[in-house]
Amino acid sequence: MAYQQSVTGQPGVQPMQPGYGPPPAYDGPPPPSQYQTGPPLAGTHNPGQAMNVWMPAVATVPDCPKGLEYLTALDMILIKQKTHMLEVMLDWECANKYKVLNNQGQQCYYAFEKSNVLCRQCCGPHRSFSIIVADNNKKPVFTIKRPFKCCAGLNWCANLRCAQDEVKVEAEDGSILGYVRQACSFMKPHYMILDHNKEPQFDIWGPCCTCTLCNKHIEFPVKTIGTDQVVAKINKQWSGLAKEFFTDSDNFGISFPMDLDVRMKATLMGCVFLIDFMYFEDTDDGGF
């Protein structure tokens, strides 16, 4: 009680709550064995870097591929690409890294590109890649794989398999979650979302102009096959003039129904990476 009386009434100091004694004396840091081991669930923090706050863990969901439980609780995600200063200073293409956030800014996954360094410099945005999506324990959850096709990229030639850009979304156990395939069109970006049996599920059409200087928010509506019903949306968000002009770092948002199959949610994430590489990865072609 003497401690409580000594601080009561001092400006900026709150009185102690009843039932609590004075704070223990500080004896220096605890021994290493007392520190928490393993990755933190609430967030991570390194000096000089912004703190990463992780989304609270989600309980196991029946009939849900392992690691995709986070997606069952989400109806919107934000994918933010990390800026590499080496690209800004030397125009050296680096492997991409991304944060995957929920609508509250909490991180639920992070993703990183695995590709050949020579392919990145010589093939640019047309390169093959594997994007690993991992949880907060750095454990891979699913992988987005894009093969290299020398003839791919032209919308009006996408009816040919050799000219059809595509990605495959694969769970960590090797099972297929879905596919994204470029579809034939005259000018507008056009994609088909297929399930694990390669059955078409959704149709995606983009705008004629994908320049972010003309459109601050570029929208790719996701519609059910054969209808005009929009069930989800992919948005390319304005990252700021410096990032858009000098780097290939991009921000994307995806909104979808909460009860959408998590396999299709993961496949829509794969579609974001394909769209990014096809239309927004190269800042030297005027497509920024």
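The sections below set out a description of the structure shown in this document.

Cut-off values and rules
- Residues numbered from 1 in each chain as written.
- Predicted model: local features only at pLDDT ≥ 70, side-chain atom pairs only at ≥ 80, totals over all residues.
- Heavy atoms only, no water.
- Helix = DSSP H or I, 4+ residues; strand = E, 2+ residues; numbered from the N terminus.
- Buried < 20%, exposed > 50% of the residue type's maximum accessible area, 1.4 Å probe, protein only.
- Contact = heavy atoms within 4.5 Å.
- Areas by Shrake-Rupley, 256 points an atom, 1.4 Å probe, with all protein chains shown as cover.
- Pairing = 2+ DSSP bridges.
- Axes fitted to C-alpha atoms, helices over the stretch in contact; angles between N-to-C directions.
- Expected span 1.5 Å × (residues − 1).
- Polar contact = N/O pair within 3.5 Å; in protein donor to acceptor, adjacent residues only side chain to side chain.
- Core = buried A, V, L, I, M, F, W, Y, C linked by side-chain atoms within 4.5 Å.
- Patch = residues over 30% accessible without salt bridge, like charges linked within 9 Å, V, L, I, M, F, W, Y side chains within 5 Å.
- Salt bridge = Lys/Arg side-chain N within 4 Å of Asp/Glu carboxyl O.
- Lys, Arg positive; Asp, Glu negative; His and termini not counted.
- Charge placed at Lys NZ, Arg CZ, Asp CG, Glu CD.
- Phe/Tyr/Trp six-rings, centres within 6.5 Å; stacked < 30°, edge-to-face > 60°.
- Lys NZ or Arg CZ within 6 Å of the ring centre and 35° of its normal.

**Remarks on the overall build of the chain**
In step 1: Of regular secondary structure, the chain possesses six helices and 14 strands.
In step 2: Among the 288 residues that make up the chain, the fraction classed as buried is 43%.
In step 3: In the chain, of all internal contacts separated by at least 6 residues, the share reaching a separation of at least 24 is 46%.
In step 4: When the accessible surface of the chain is totalled, it reaches about 15,700 Å², and 58% of it is carbon and sulfur.

**Considering the sheet that holds strand β12 (residues 217-224)**
In step 1: The strand order β3-β4-β5-β6-β7-β8-β9-β10-β11-β12-β13-β14 describes a closed barrel built from twelve strands, whose pairing is antiparallel. Ignoring which end each strand starts from, the neighbouring axes of this sheet average 20° apart.
In step 2: For strand β13 (residues 230-237) and strand β14 (residues 251-255), the ladder comprises five bridges, and the chain directions are antiparallel. Bridging from a neighbouring strand, Q237 pairs with N251 of β14.
In step 3: Against the sheet, helix α6 (residues 262-280) makes contact with β3 (76-81), β4 (97-101), β5 (107-114), β6 (129-134), β7 (140-146), β8 (166-171), β9 (176-182), β10 (190-194), β11 (200-205), β12, β13 and β14, and its axis sits at roughly 35° relative to β9, the strand it touches most.

**Notes on α6**
In step 1: Here α6 contains 19 residues, and its C-alpha end-to-end distance of 26 Å stays within 8% of the 27 Å for a straight helix at 1.5 Å per residue.
In step 2: Counting buried positions over the 19 residues of α6 gives 18, a clear majority of the element.
In step 3: Measuring from the side-chain oxygen of the N-cap residue of α6 to the backbone nitrogen of R263 gives 2.9 Å; that N-cap residue is D261.

**Let's talk about the nonpolar core**
In step 1: Judged by nonpolar contacts, the single largest core of 51 residues is most densely connected at F142 and I234.
In step 2: Setting aside its immediate chain neighbours within four residues, I234 contacts I204, I218, E219, F220, V222, F252, G253, I254, L268, C271, V272 and I275.

**Quick notes on a positive patch on the surface**
In step 1: A contiguous patch of positive charge on the surface is contributed by K80, K82, K97 and K99.
In step 2: Taking the relative accessible area as the measure of exposure, K97 reaches 41% and is therefore partly exposed.

**Observations regarding the packing of aromatic side chains**
In step 1: Summed over all chains, the structure comprises seven aromatic pairs.
In step 2: Chaining the aromatic ring pairs together yields one cluster made of Y70, Y109 and F142.
In step 3: The ring of Y179 carries the charged tip of R181 above its face, separated from the ring centre by 6.0 Å.
In step 4: Its end group placed over the ring of Y179, K198 keeps NZ or CZ at 5.3 Å from the ring centre.

**Focus on the pairing of β9**
In step 1: Summarising burial for β9: six of the seven residues are buried, a large majority.
In step 2: In textbook terms, the turn of a hairpin is the stretch between consecutive antiparallel strands, and for β8 and β9 this stretch comprises four residues, one of which, G174, has a positive phi near 95°.

**Side note on unusual backbone geometry**
In step 1: Despite not being glycine, D63 has its phi angle at roughly 60°, a positive value.
In step 2: Relative to the helices and strands, D63 is located in the loop between β2 (52-53) and α2 (69-72).
In step 3: One non-glycine residue with positive phi stands out, namely K198, at about 65°.
In step 4: Tracing the backbone through its elements, the reader meets K198 in the loop between β10 and β11.

**Here's the deal with the environment of P65**
In step 1: Within the element layout of this structure, P65 appears in the loop between β2 and α2.
In step 2: Residues P65 and S175, 110 residues apart in the sequence, show an inter-C-alpha distance of 9.1 Å.
In step 3: Those residues within four positions of P65 in sequence are excluded, and the remaining contacts are L177, V262 and R263.

**Quick notes on the pattern of salt bridges**
In step 1: Scanning the entire structure with this criterion turns up twelve salt bridges.
In step 2: A salt bridge links E281 to R127; the nearest nitrogen and oxygen atoms lie 3.5 Å apart. Of the two residues, E281 is situated in the segment after α6 and R127 in the loop between α4 (117-123) and β6; the sequence distance between them amounts to 154 residues. Each member of the pair, E281 as well as R127, is classed as buried.
In step 3: Between K145 and E170 there is a salt bridge, with its nearest N and O atoms 3.2 Å apart. Taken together, the residues span a long stretch of sequence, with K145 in strand β7 and E170 in strand β8 at a distance of 25 residues.

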